[in-house]
Amino acid sequence: MIVSDEANRERIAQDFSTNLVVEAGAGTGKTTLLVERAFRAIVAEGMRVDQLVLVTFMERAAEEIQERLSARLQSAITQGSGLPKARSQSALAHLDQAVITTIHGLGQRIISEFAVEAGVPIGFRVLDGYDQSRLWSECWQGWLRGVQHSKAHEIVHTLLVLGESVDTLKDMAREATEWDEIWEIKAPGVDIGAFFSEWYARFQEWYQFSQSAALDDDPGRVQVKTLIEHLAFVCAMDPSTKSRALIAWTLSLSAKGNQKNWRPKGTLKMQKELIRGFQDVLHATQEGYAAHLLEQWLNTIRLDLIPFWKAYRWQRGQLAFDDLLRETRNLLRHHPEVRQTLYQRWRLILVDEFQDTDPTQSEILFRLAGDPNQSDWQTSELPPGRLFLVGDVKQSIYRFRGADVQTFQAMRQKVVRDGGAVLKVKQNFRSEAGILDVVNQIFRERMPDQPDVERPYLAIYDPLVASRNHGNQKRVSIRIAPGAGTADLRRQAEAQETVEVIAQAISEGWPIWDPRTETERRLQYRDIAILMPNRTGIDWYRDLFIERGIPLASLGGVGFFRQDEIRGFSSVLSLLSDPDDEVAWLAFFLSPWVGASHAEVEAYREAGGAFGPSGERVSGTLGQWGQILLEWLMRREEWLPVDVFDALSRVSGLLPFLHAQGDRQALANLAKLREMARMHGQSWGFREFADWLSDRVESGENESEGVVEDLGDAVQLSTVHQAKGLEWPMCIVTNWHLEFHPPQHILRDAERRVVGWRTRYFNSPQYEALKMDAQDRELAERSRLLYVALTRPRDYLVVIERFNEKTGSGLSLHPDV
């Protein structure tokens, strides 16, 4: 039976006796539905605000929910709602007691209260990403030193002898320690010595048998003789060297021989089959040995490194970000009295953006809503009316964080199995009908309309229903940019096409509907967003926009450590740490903080100016800077990095220049840099912070740029992930070229408890199958990423398609779609 949107929305607001999963498409008002249900729970059902838990997955979203619930309560007070006004007034007065938070914030709240039961340090501090990375490196080095005297030494030594680098082992270990759990791995052992001995004997036997079948100089006879000599050499090796010989086998096994030189007929064929058989068994033995090494390495990480890493954090009273969830889950698993306390405290759990949950987060939420007396949350029945989940599985785009379509589907099925209901909401209030017609057409072809048993990670597509239809303008434009040439040339062509579209739209004054005034107005730069799947090639857009005089504001790239103002600050810290570092002096003089040219620096050098603690005092701007730096060197011992930043900001003209230029992104980067210097410079010390910053500047490590609070009247450039939950009158989707990049070392399927890895020379047996599965899942997520991008605009959608006839790359959208 098909139920209308209106009926489902009414049930969401009124049915508090049923657990509900709401599948709400893009632009249907998911958060509005959640806020309205919370409001009704308080005002109509009489729940206190501290009896509700409202969970989302981004801090800004949690803040928005609190603001919207406050506004809804205020509206009920001033305008009436037909419900008891006193309840609205009381709820508004006590709204600060409501639990409106992220899932990590909820975990932190729970384990902070029950720290003794959870076994976490009382008054713990949550490490940020920088501190965690630094502490992990310390821990790894400490563990490696201790390995020499532990059982873990054998596998670490073996992997290093077999050619894996320390950095590779460190990366693998770091990745594995961040998994939700590492299960016990069991792989059959491999007798490498017996393998080589057996085949040495078989080839010797064949060589004797076939000695009269062909002349000794036949390539096939020579090949077998070479194999025998090589196998004899390997058989004489010690066991560890045999392992390396197995892994790094280099002798060609392409079967050789000239048929006309062999008698009787078919003998050469038998030899080639023997060599192929050896090749197959060699490959299987290599895979088996890789699986054996993986078993030993992961079990070492599970039994030795992870406890060491946990103790390393706990002893310092520190928790990693993911500890907040793992420890909350473990607490709820093993302490029924805690479950009982929270069950009685919280009557309703409401979750926004549920498609972004991973298995650990889902378990926490279902345990909080479930029967506290039941330890198995998956099989025990949910009490009615305690859980409300709203999300859109088509917008599940955080697979890299562990979010999983299958998790959403499994939890959906559990709610239904336990007597709950699934409600679909399809009416879109955001986009014009012309846009939704195209979106529906595209995704009817890209997504199934029924569950796919073989591929449960595919999202089911429910067409969106339009509620907006203003005017007869063409709402969608698919523009084809050249697809040939280098990647840079293709991106340049797309950037050029993007600029032309924007210039046309602004000059022609494309009309848009302003929902605030409910009137039509002309498109402005601030109404336009450029959406990309990633930031690769972003410089082409920045440079071209500057050239054309079109204001462009980024929602933040990942090139923070590559910005000149950051590099300049790093150089001044380096020269203060090591005054004899002439390169740091030179880099600082050439940075935006000073702004000297190469010619000015050379003139300064010729005049004998200081590039270190000694040097002549010379006149001019650089002479003044040289004197300033010498004075700062005298104060180095009493200064922290933030003191250097503040002093530099006072003396340099960089900040006033950036304000005059309106370069909001550079100013935001400097604000972020100062906060880094304040927080980490104080806790780490001057030299360690200077070295840390220098390492990241030199490596060009990806790091999000500072957040620009006011973008002004400028075109906004954003990744699709950043655009999630946002909307603009006009969106241009471009730079859509994605390649599959599997993890460097380990792949796993947690549901089937299968792990595979890629070693320096070959892969374990499961790796290729897991790689194919990962590729299929990534392709499915790309469709969901595109869905998010195409459902952001309100009035106009432009897609810059880069279709390459030769390679077939691109979105493959037709201009007439």
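Everything discussed here concerns the structure shown above.
The notes below deal with the structure included here. (Residues numbered from 1 in each chain as written. Predicted model: local features only at pLDDT ≥ 70, side-chain atom pairs only at ≥ 80, totals over all residues. Heavy atoms only, no water.)

Time to look at the packing of helix H2 (residues 30–43) against helix H4 (residues 85–93). It is at 9 Å that the axes of H2 and H4 come closest, and there the two elements cross at 115°. For the element pair H2 / H4, the angle class is roughly perpendicular. In terms of crossing hand, the pair formed by H2 and H4 is right-handed. From H2, Phe39, Ile42 and Val43 reach across to H4, where they touch Arg87, Ser88 and Ala91. (Axes fitted to C-alpha atoms, helices over the stretch in contact; angles between N-to-C directions. Helix = DSSP H or I, 4+ residues; strand = E, 2+ residues; numbered from the N terminus. Parallel < 35°, antiparallel > 145°, perpendicular 65-115°, else oblique. Left-handed = near helix turned anticlockwise from the far one by under 90°. Contact = heavy atoms within 4.5 Å.)

Our focus in this paragraph is the pattern of salt bridges. Where charged atoms from two side chains of opposite charge come close, those side chains can pair. Applying the stated rule across the entire model yields 52 salt bridges. Ionic pairing is found between Glu353 and Lys724, a salt bridge with its closest N-O pair at 3.9 Å. Of this pair, Glu353 sits in the loop between strand S6 (348–351) and helix H16 (359–369) while Lys724 sits in the loop between helix H29 (720–723) and strand S17 (728–733), placing them 371 residues apart in sequence. With respect to class, Glu353 is no different from Lys724; both count as buried. Taking the shortest distance from any N to any O, the salt bridge between Glu727 and Arg430 comes out at 2.9 Å. Highlighted residues: Glu727 in the loop between H29 and S17 and Arg430 in strand S9 (residues 427–432), separated in sequence by 297 residues. On the basis of relative accessible area, Glu727 is assigned to the partly exposed category, the value being 34%. (Salt bridge = Lys/Arg side-chain N within 4 Å of Asp/Glu carboxyl O. Buried < 20%, exposed > 50% of the residue type's maximum accessible area, 1.4 Å probe, protein only.)

What follows covers unusual backbone geometry. In terms of backbone geometry, most residues other than glycine have negative phi values and most peptide bonds are trans. In this structure, Pro264 follows Arg263 across a cis peptide bond, with omega equal to -10°. Inspection of the secondary structure assignment puts Pro264 in the loop between helix H12 (239–247) and helix H13 (267–314). Phi angles above zero are rare outside glycine, and Asn735 is one such case at about 60°. Along the chain, Asn735 falls in the loop between S17 and strand S18 (746–749). Note on Asn735: relative accessible area 2%, which makes it buried. Of note in the backbone geometry, Arg753 takes a positive phi value of approximately 55° without being a glycine. Overall, Arg753 belongs to the partly exposed group, its relative accessible area being 47%.

What follows concerns the sheet that holds S17. Taking strand neighbours across the sheet as the criterion, the 6 strands line up as S11-S20-S17-S14-S16-S15 in an open arrangement whose pairing is parallel. The sheet is open, and its two borders are formed by strand S11 (476–480) and strand S15 (552–554), each paired with just one other strand. In this sheet, neighbouring strand axes are inclined to one another by 20° on average, regardless of whether the strands run parallel or antiparallel. Pairing analysis gives 3 bridges linking S15 to strand S16 (residues 715–719), with the strands arranged parallel. For Ser554, the partnering residue across the bridge sits in S16 and is Leu717. (Pairing = 2+ DSSP bridges.)

A separate point is the nonpolar core. Of all hydrophobic cores here, the largest spans 56 residues; its most connected members are Phe203, Phe278, Trp297, Leu298 and Trp757. Those elements that provide at least two residues to this core are helix H7 (129–147), helix H8 (153–161), helix H9 (166–177), helix H10 (192–209), helix H11 (219–235), H12, H13 and strand S19 (754–757). It is H13 that provides the largest number of residues to this core, a total of 14 residues. If we ignore the near neighbours within four places in the chain, the residues touching Phe203 are Val224, Leu227, Ile228, Leu231, Leu274, Ile275 and Phe278. Among the nonpolar cores identified, the runner-up in size contains 49 residues, and Ala584, Phe611, Ala647 and Trp692 belong to it. (Core = buried A, V, L, I, M, F, W, Y, C linked by side-chain atoms within 4.5 Å.)

Read these as layout, nothing more, since geometry by itself doesn't imply function.
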